[in-house]
Amino acid sequence: IYMFGKTFFWDNTIFQKSKVNIYIYEGDDFEKVISVLTPYLKSISDFSVAAKKKGYDSRVKSGKFILYKGSNNNEIINALRRKSLTVRVTFNNQERLENLAGRVAKQIAPDSLTLLEAFLETEFLKAKGFTKENALAMYLPNSYDFFWNTTAENFRNKMYESYQQFWTENRKKKAAKLGIKPIDVISLAAIVQKETQKEDERPRVAGVYLNRLKKKMMLQADPTVIYAMKLELQNFDTIIKRVLYKDLKINSPYNTYFYRGLPPGPITMPDISSIRSVLNEEKHRYLYFVANPKKPGYHLFAKNGREHNINKRIYINWLDKNRVYR
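These lines cover the structure that appears in this document, whether it is placed above or below. Predicted model only: the values in this text are computed from it and were never measured.

## Structural notes on the packing of helix α10 (residues 182-195) against helix α12 (residues 222-233)
Inference 1: Closest axis-to-axis distance for the α10/α12 pair is 8 Å, and the angle between their directions is 100 degrees. If you check the angle between α10 and α12, you find them roughly perpendicular. From α10, Ile-191, Lys-194 and Glu-195 reach across to α12, where they touch Asp-222, Pro-223 and Thr-224.
Inference 2: For the contact of α10 with α12, the per-class residue count stands at two nonpolar, one polar and three charged.

## As for the packing of aromatic side chains
Inference 1: Applying the stated criterion across every chain yields a total of 26 aromatic pairs.
Inference 2: Aromatic pair Phe-30 and Phe-47: ring centres 6.3 Å apart, planes at 20 degrees, arrangement stacked. Here the residue Phe-30 occupies a position in helix α2 (residues 30-37), and Phe-47 occupies one in helix α3 (residues 44-53), the gap between them amounting to 17 residues. As far as burial versus exposure is concerned, Phe-30 and Phe-47 are alike and both buried.
Inference 3: Taken together, Phe-91, Phe-119, Tyr-139, Tyr-144, Phe-146 and Phe-155 form an aromatic cluster joined through their ring pairs.
Inference 4: Sitting above the plane of the Phe-236 ring, Arg-96 keeps its charged end 4.1 Å from the centroid.
Inference 5: Cation over ring: Lys-295 sits above Tyr-298, and NZ or CZ is 4.5 Å from the ring centre.

## Some details on the environment of Lys-283
Inference 1: Locating Lys-283 in the fold gives a position in the loop between α13 (272-279) and β5 (288-291).
Inference 2: With a relative accessible area of 65%, Lys-283 lands in the exposed category.
Inference 3: Separated by 72 residues in the primary sequence, Lys-283 and Asn-211 have C-alpha atoms spaced 9.0 Å apart.

## Description of the side chain of Asn-72
Inference 1: Residue position: Asn-72 is located in the loop between β2 (63-68) and α4 (73-81).
Inference 2: A distance of 3.1 Å separates a polar atom in the side chain of Asn-72 from the backbone nitrogen of Asn-74.
Inference 3: A distance of 2.8 Å separates a polar atom in the side chain of Asn-72 from the backbone nitrogen of Glu-75.
Inference 4: Not counting the four nearest positions on each side in its chain, Asn-72 is found in contact with Phe-8, Phe-9, Trp-10, Asp-11 and Asn-12.

## As for helix α5 (residues 97-105)
Inference 1: Restricting attention to buried positions, one finds in α5 the residues Leu-97, Leu-100, Ala-101 and Val-104. Down the axis of α5, the buried side of the element spans an arc of 100 degrees, and every buried residue falls inside it.
Inference 2: Looking at the buried residues of α5, the elements they touch are β3 (86-91), α6 (112-119) and α8 (152-166).

## Notes on the pattern of salt bridges
Inference 1: Enumeration over the complete set of coordinates arrives at twelve salt bridges.
Inference 2: Close ionic contact of Lys-6 with Asp-46 constitutes a salt bridge, the shortest N to O distance being 2.5 Å. Of this pair, Lys-6 sits in helix α1 (residues 2-9) while Asp-46 sits in helix α3, and the two are 40 residues apart along the sequence.
Inference 3: Exposure remark for Asp-46: the relative accessible area of 11% places this residue in the buried category.
Inference 4: Between Lys-283 and Glu-281 there is a salt bridge, with the nearest N and O atoms lying 2.8 Å from each other.
Inference 5: Among the charged side chains, a salt-bridge network with shared partners connects Glu-95, Lys-194 and Lys-230.

## Considering the nonpolar core
Inference 1: Judged by nonpolar contacts, the single largest core of 68 residues is most densely connected at Phe-91, Leu-100, Tyr-139, Phe-155, Tyr-209 and Ile-275.
Inference 2: Here this core gets eight residues from one element, more than from any other, and that element is α10.
Inference 3: Here Phe-91 is in contact with Leu-100, Arg-103, Val-104, Tyr-139, Leu-140, Pro-141, Asn-142, Tyr-144, Phe-155, Met-159 and Met-269, once residues within four sequence places are set aside.

## Digging into the side chain of Ser-273
Inference 1: One can find Ser-273 in helix α13.
Inference 2: Those residues in contact with Ser-273 that sit more than four places away from it in its chain are Glu-199 and Arg-202.

## A short note on helix α11 (residues 202-214)
Inference 1: Helix length check: α11, at 13 residues, gives a terminal C-alpha distance of 18 Å against a target of 18 Å (1.5 Å per residue), a fit within 8%.
Inference 2: Those residues of α11 that fall on the buried side of the exposure criterion are Arg-202, Val-205, Ala-206, Gly-207, Val-208, Tyr-209, Leu-210, Asn-211 and Arg-212.
Inference 3: Where α11 is buried, its residues contact α9 (169-178), α10, α13, β5 and β6 (299-302).
Inference 4: Lys-216 sits one or two residues past α11 and shows a positive phi near 60 degrees.

The rules we used
Residues numbered from 1 in each chain as written. Predicted model: local features only at pLDDT ≥ 70, side-chain atom pairs only at ≥ 80, totals over all residues. Heavy atoms only, no water. Axes fitted to C-alpha atoms, helices over the stretch in contact; angles between N-to-C directions. Helix = DSSP H or I, 4+ residues; strand = E, 2+ residues; numbered from the N terminus. Parallel < 35°, antiparallel > 145°, perpendicular 65-115°, else oblique. Contact = heavy atoms within 4.5 Å. Nonpolar A, V, L, I, M, F, W, Y, C, P; charged D, E, K, R; others polar. Phe/Tyr/Trp six-rings, centres within 6.5 Å; stacked < 30°, edge-to-face > 60°. Buried < 20%, exposed > 50% of the residue type's maximum accessible area, 1.4 Å probe, protein only. Lys NZ or Arg CZ within 6 Å of the ring centre and 35° of its normal. Polar contact = N/O pair within 3.5 Å; in protein donor to acceptor, adjacent residues only side chain to side chain. Arc of directions from axis to C-beta. Salt bridge = Lys/Arg side-chain N within 4 Å of Asp/Glu carboxyl O. Core = buried A, V, L, I, M, F, W, Y, C linked by side-chain atoms within 4.5 Å. Expected span 1.5 Å × (residues − 1).

See the structure below:
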């Protein structure tokens, strides 16, 4: 009776916190579970005996589980048999699918390589109307609940469902009225977001680019040049503060000084506010803008080249004065 009580019903925890999270990966066997639990249990041998008696050793489940301080082996085993707990997965402002995979891998069980392979699966992209270049548009920044041990494919599929839910009939009609597809709205929103961090200015910036698209003018967006430079260098950690005239000649489909229209995909993951700014752009006649040195974060707007050249000279003089060369 003593041994039975000790094995199953005595407190077998040694951690000081009120609870700890336990993570068991797909494919982990009982020996792996033992190694995971060892730092938290007084007697791993008693736990092993109880687990074998209850048949847990041959029926290990993957997932995220919680162990509470003061739990006995019977309670611990029952906790490990329950359904995996959910986790809140959050992401935003990821420049590429590679960055997104790395961010998400820190929050759920699949590793970044497995996630990236799911994101880039050719058959999935083709079936859903995406390409490798614009697939980032499918992942809308937000917080989502997932079982910790969800698969990479399930994560990707839920993101597609969220994308479809976001694009309501009303939003689709707004995009159609602008003359661009929903995916293109996100590509333009990415440029708008890179151009200005000021949410109240984004509808005006969006209006400039939409005016240029309607007139079949090149977008000539500096953020697309910076993205093309990073892509060419294969270094997205590079910090580029100033775009030079020679940079405008980079032969890249992302360089909107070199190619007409939108780039083949978003140059970053835009916030929902940036997407809304495009769908609800400010109506005006502006075709140009440049940073406003007197009002950091904001821009000077112009309706024609003459006005723009005056504004540009103000900005270039400020760059030179502050020795911002690259």
